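Single-letter residue listing:
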Amino acid sequence: MLRVKLIYLAALIGLGVFVIAFRGPFAVLLFLAFLVLPLFLKAAVLLMRRGLSVTLSTEFTDEAAKREVRYQITAKNRSHLPITACRVTLGCKNRIYGAKESQIVCFSVPARGRRLVRGTISSEHYGSFLLSASRIRVYDWLWLFQSKGKEPEPVSFLLWPPAQEISAQPVIHSVSSGDVQRYSTERKGDDPSELFGVRGYQDGDRPQWIHWKLSSKAEDLVVKEFSLPIANSVTLVVELTWDGNAALLDGLLELVNTLSMQLLDQQIAHRVCWYRQKEGQDVFFDVSNAEEQSFMMSELLQSEIPEEGKERTCLSLLHCEEILQGRLVYLTTRPDACQHPALHRRPDPVTIFEVTDQEGSAALLEPDLRRIPVAAKHVPESLAGVEW
């Protein structure tokens, strides 16, 4: 814009010299029109800006493979003047650790019409993202002036880590000693303390299964079906930290998703817990089906980690002892995590998955602790054949 203004100023000076040299009425009128032109352009750009409204939306591509999302900018021009130049700065922030990316989009909008601008924005990493359209600028037809437009509401989206199949040995089952308070919504069991449903009487049903109250109303015998208790046999403790190496954090997120899906494939109910920095508390999610697993991962991806220089707190095993159930599986990116005293004082063996960027790291196998290195860029390959 500075260049255009300098050209306009030079043209105005040249036109003034022309008027002085010829002193004709046409030259004077031309000079006055050229002098008033900025006022007209300023009024026009304000009118165009008032008639402009911008909205932002997203739709997913194959984010697991490409780590990208499609966006759409919808610009509506309610004024009778065409907008020949509108510039929008798109900002994409990874909310899990604060990294930002941006790109500039330029487009035009016809008078009393609208324009749809589509594109893709990608990220090298997983997480929860906030896409915003900021610094909306409307320019006049000569690019002498600009006016700031109203910013639309930002939109959020998630880029999920993949959960690829691995050839792993079954997890050793260890049922929690605590009281079971969850029951399956998909399968019936034999726990008489919780009713799963009712059905008609069949030969072989025991008399104590008969629901006498409903049978009297239905004028036929109705028997009870009892619920199946769900006990978490494994607890995945995620040490959600970031030391500047985003690749390690990506590997950690992929590891959580992969192990959780592997447990579901083996019909093993489990618990996933981590320290949520923003709320300053330990959180846990019980996972026994695909819906609960999806909800758990979406919550994990939306857990923010403080920026560098701010105080960070890791999940403390001493503080979350009462929410641990069954075998403890610790997921971390720290190479010194196996030295944590709380991991050596547990009655059951502990498995530590250490996400690393070092190739060929050796496993540590002790009676009460197993440390298994996982390459951040090759998570499924690192887990192949591992008995954990």
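Scroll up to find the structure.
By convention here, each chain's residues receive numbers from 1 onward along its written sequence. A pLDDT threshold of at least 70 governs which residues receive local features in this predicted model, and a stricter bar of 80 or more applies before side-chain atom pairs are shown or counted, although totals over entire chains, interfaces and linings include all residues. To get the side-chain values, all heavy atoms of the structure are used, and hydrogens and water are removed first.

Looking at the overall build of the protein
Then step 1. To qualify as a helix, a DSSP run of H or I must reach at least 4 residues; to qualify as a strand, a run of E must reach at least 2; elements of each kind are numbered from the N terminus. Of regular secondary structure, the protein possesses 7 helices and 18 strands.
Then step 2. By the burial criterion, 46% of the 388 residues in the protein qualify as buried.
Then step 3. Two residues qualify as a contact provided that any one of their heavy atoms is within 4.5 Å of a heavy atom in the partner residue. Contacts in the protein between residues far apart in sequence, at least 24 positions, make up 67% of those at least 6 positions apart.
Then step 4. The method behind every accessible area is Shrake-Rupley, applied with a 1.4 Å probe, and residues are considered shielded solely by the protein chains displayed. Accessible surface for the protein amounts to roughly 21,100 Å². Of this, 53% is attributable to carbon and sulfur atoms. Whether a residue is buried, partly exposed or exposed follows from its accessible area with a 1.4 Å probe, protein chains only, as a fraction of its type maximum: under 20%, in between, or over 50%, in that order.

Concerning the environment of phenylalanine 31
Then step 1. Looking at the secondary structure, you find phenylalanine 31 in helix H2 (residues 25-50).
Then step 2. On the basis of relative accessible area, phenylalanine 31 is assigned to the partly exposed category, the value being 23%.
Then step 3. Residues phenylalanine 31 and isoleucine 13 lie 18 residues apart in sequence; the distance between their C-alpha atoms is 9.6 Å.

Comments concerning the environment of leucine 249
Then step 1. Mapping leucine 249 onto the fold places it in helix H5 (residues 246-265).
Then step 2. For the pair leucine 249 and threonine 333, spaced 84 residues apart in the sequence, the C-alpha separation amounts to 7.4 Å.
Then step 3. Residues in contact with leucine 249, not counting those within four places in the same chain, are Ile96, Tyr97, Leu240, Thr241, Trp242 and Ile305.

Structural notes on the pairing of strand E18 (residues 369-375)
Then step 1. The buried fraction of E18 amounts to 6 of the 7 residues, a majority that puts the element mostly inside the structure.
Then step 2. As defined by bridge partners, strand E16 (residues 350-356) adjoins E18 across 7 bridges and the pair is classed as parallel. In the strand pairing of E18, isoleucine 352 is matched with arginine 371. Strand pairing is assigned whenever DSSP identifies at least 2 bridges connecting the two strands.

Focus: the packing of aromatic side chains
Then step 1. Put simply, two rings from Phe, Tyr or Trp (the six-membered ring, in Trp's case) pair if the centres are within 6.5 Å, and we call them stacked under 30 degrees between planes, edge-to-face over 60, tilted for the rest. A complete count under the given rule lists 5 aromatic pairs for this structure.
Then step 2. Aromatic pair phenylalanine 285 and phenylalanine 295: ring centres 5.7 Å apart, planes at 70°, arrangement edge-to-face. With phenylalanine 285 in strand E14 (residues 281-287) and phenylalanine 295 in helix H6 (residues 290-301), this pair connects stretches of sequence that are 10 residues apart.
Then step 3. Each residue in the set Trp274, Phe285 and Phe295 is aromatic and connected to the rest through ring pairs, giving one cluster.

Concerning the side chain of threonine 235
Then step 1. Tracing the backbone through its elements, the reader meets threonine 235 in strand E12 (residues 234-238).
Then step 2. Ignoring any residue separated from it by four or fewer positions in sequence, one finds threonine 235 in contact with Arg271, Cys273, Leu324, Gln325, Arg327, Leu328 and Val329.

So, the packing of H5 against H6
Then step 1. Relative orientation of the contacting elements H5 and H6 amounts to 170°, with a least axis distance of 11 Å. When the interaxial angle is binned, H5 and H6 end up roughly antiparallel. Only Ala290, Gln293, Met296, Met297, Leu300 and Leu301 of H6 make contact with H5, whose side of the interface consists of Leu253, Val256, Asn257, Ser260, Met261 and Leu264. An axis is simply a line fitted to the C-alpha atoms; with a helix, the fit covers only the stretch in contact. Between two such axes, the angle follows the N-to-C directions and lies from 0 to 180 degrees. We call two directions roughly parallel when the angle between them is under 35 degrees, roughly antiparallel when it is over 145, roughly perpendicular when it lies between 65 and 115, and oblique otherwise.

Things to note about the pattern of salt bridges
Then step 1. Salt-bridge detection follows one rule: a side-chain nitrogen of Lys or Arg within 4 Å of a carboxyl oxygen of Asp or Glu. Tallying each qualifying case throughout the model produces 4 salt bridges.
Then step 2. Glutamate 299 is the partner of arginine 276 in a salt bridge, and the nearest nitrogen-oxygen pair spans 3.0 Å. Of this pair, arginine 276 sits in strand E13 (residues 270-276) while glutamate 299 sits in helix H6, placing them 23 residues apart in sequence.
Then step 3. Across the salt bridge formed by glutamate 354 and arginine 371, the nearest N and O atoms sit 2.7 Å from each other. You can see glutamate 354 sitting in strand E16 and its partner arginine 371 sitting in strand E18, a full 17 residues away along the chain. Comparing glutamate 354 with arginine 371 shows no difference in burial state: the two are buried.

A look at the nonpolar core
Then step 1. Take the buried residues of types Ala, Val, Leu, Ile, Met, Phe, Trp, Tyr and Cys, join any two whose side-chain atoms come within 4.5 Å, and each joined set is a nonpolar core. Leu255, Trp274, Leu331 and Phe353 are the most contacted members of the largest nonpolar core, which has 41 residues in total.
Then step 2. Element by element, the count of residues in this core is highest for H5, at 10 residues.

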